[in-house]
Amino acid sequence: MKMTFQPKKRQRKREHGFMKRMRTASGRDILKRRRLRGRKKLSA
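No experiment lies behind these values; they were computed from the predicted model shown.

Peer 1: Just to check I follow, could you spell out the overall build of the chain for this structure?
Peer 2: Scanning the chain from terminus to terminus reveals three helices and zero strands. The buried share of the chain, taken over its 44 residues, is 11%. Counting every atom, the chain has about 4600 Å² of accessible surface; 54% of that belongs to carbon and sulfur.

Now the structure itself:
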């Protein structure tokens with residue numbers, strides 16, 4: 001059986017990247033909350 005996590009950089013960026021987050025209102029809320037918490041990395 002193969003491992004369940006098959007990493008792909010492009011796919012990860014498209015699904016969970018900064019631009020994807022900025023596109024929706026809820027995504028912007030996520031970034032806002034992460035900024036308030038003082039995250040170094042906001043998204044993938």
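Peer 1: Sorry, what's going on with the environment of Gln6 here?
Peer 2: Within the secondary structure, Gln6 sits in the segment before α1 (9–16). The class of Gln6 is partly exposed, set by a relative accessible area of 40%. Separated by 38 residues in the primary sequence, Gln6 and Ala44 place their C-alpha atoms 16 Å from one another. A polar atom in the side chain of Gln6 sits 2.7 Å from the backbone oxygen of Met3.

Peer 1: Is there a simple way to think about the environment of Phe18 in this case?
Peer 2: You can see Phe18 is positioned in helix α2 (residues 18–23). C-alpha separation for the pair Phe18 and Leu31, spaced 13 residues apart in sequence, amounts to 8.5 Å. When neighbours within four sequence positions are excluded, Phe18 is seen to be in contact with Leu31, Arg35, Leu42, Ser43 and Ala44.

Peer 1: Explanation requested: the pattern of salt bridges in the structure shown.
Peer 2: In a structure, side chains of opposite charge can pair up when their charged atoms sit close to one another. Going through the model one piece at a time under the given rule, you end up with one salt bridge. Where Lys20 meets Glu15, a salt bridge forms, and the shortest distance between an N and an O atom there is 4.0 Å.

Peer 1: For this particular structure, what's the right way to read a nonpolar patch on the surface?
Peer 2: Taken together, Phe18, Met19 and Met22 make up a surface patch of nonpolar side chains, about 290 Å² in accessible area. Residue placement: Met22 occurs in helix α2. Judged by its relative accessible area of 34%, Met22 is partly exposed.

Peer 1: Would you explain the side chain of Ser43 in this entry?
Peer 2: On the secondary structure map, Ser43 appears in the segment after α3 (25–37). On the basis of relative accessible area, Ser43 is assigned to the buried category, the value being 16%. One polar contact links the side chain of Ser43 to the main-chain amide nitrogen of Phe18, over a distance of 3.2 Å. Sequence-distant contacts of Ser43, defined by excluding residues within four places in its chain, comprise His16, Gly17, Phe18, Arg21 and Arg34.

Rules and cut-offs
- Residues numbered from 1 in each chain as written.
- Predicted model: local features only at pLDDT ≥ 70, side-chain atom pairs only at ≥ 80, totals over all residues.
- Heavy atoms only, no water.
- Helix = DSSP H or I, 4+ residues; strand = E, 2+ residues; numbered from the N terminus.
- Buried < 20%, exposed > 50% of the residue type's maximum accessible area, 1.4 Å probe, protein only.
- Areas by Shrake-Rupley, 256 points an atom, 1.4 Å probe, with all protein chains shown as cover.
- Polar contact = N/O pair within 3.5 Å; in protein donor to acceptor, adjacent residues only side chain to side chain.
- Contact = heavy atoms within 4.5 Å.
- Salt bridge = Lys/Arg side-chain N within 4 Å of Asp/Glu carboxyl O.
- Patch = residues over 30% accessible without salt bridge, like charges linked within 9 Å, V, L, I, M, F, W, Y side chains within 5 Å.

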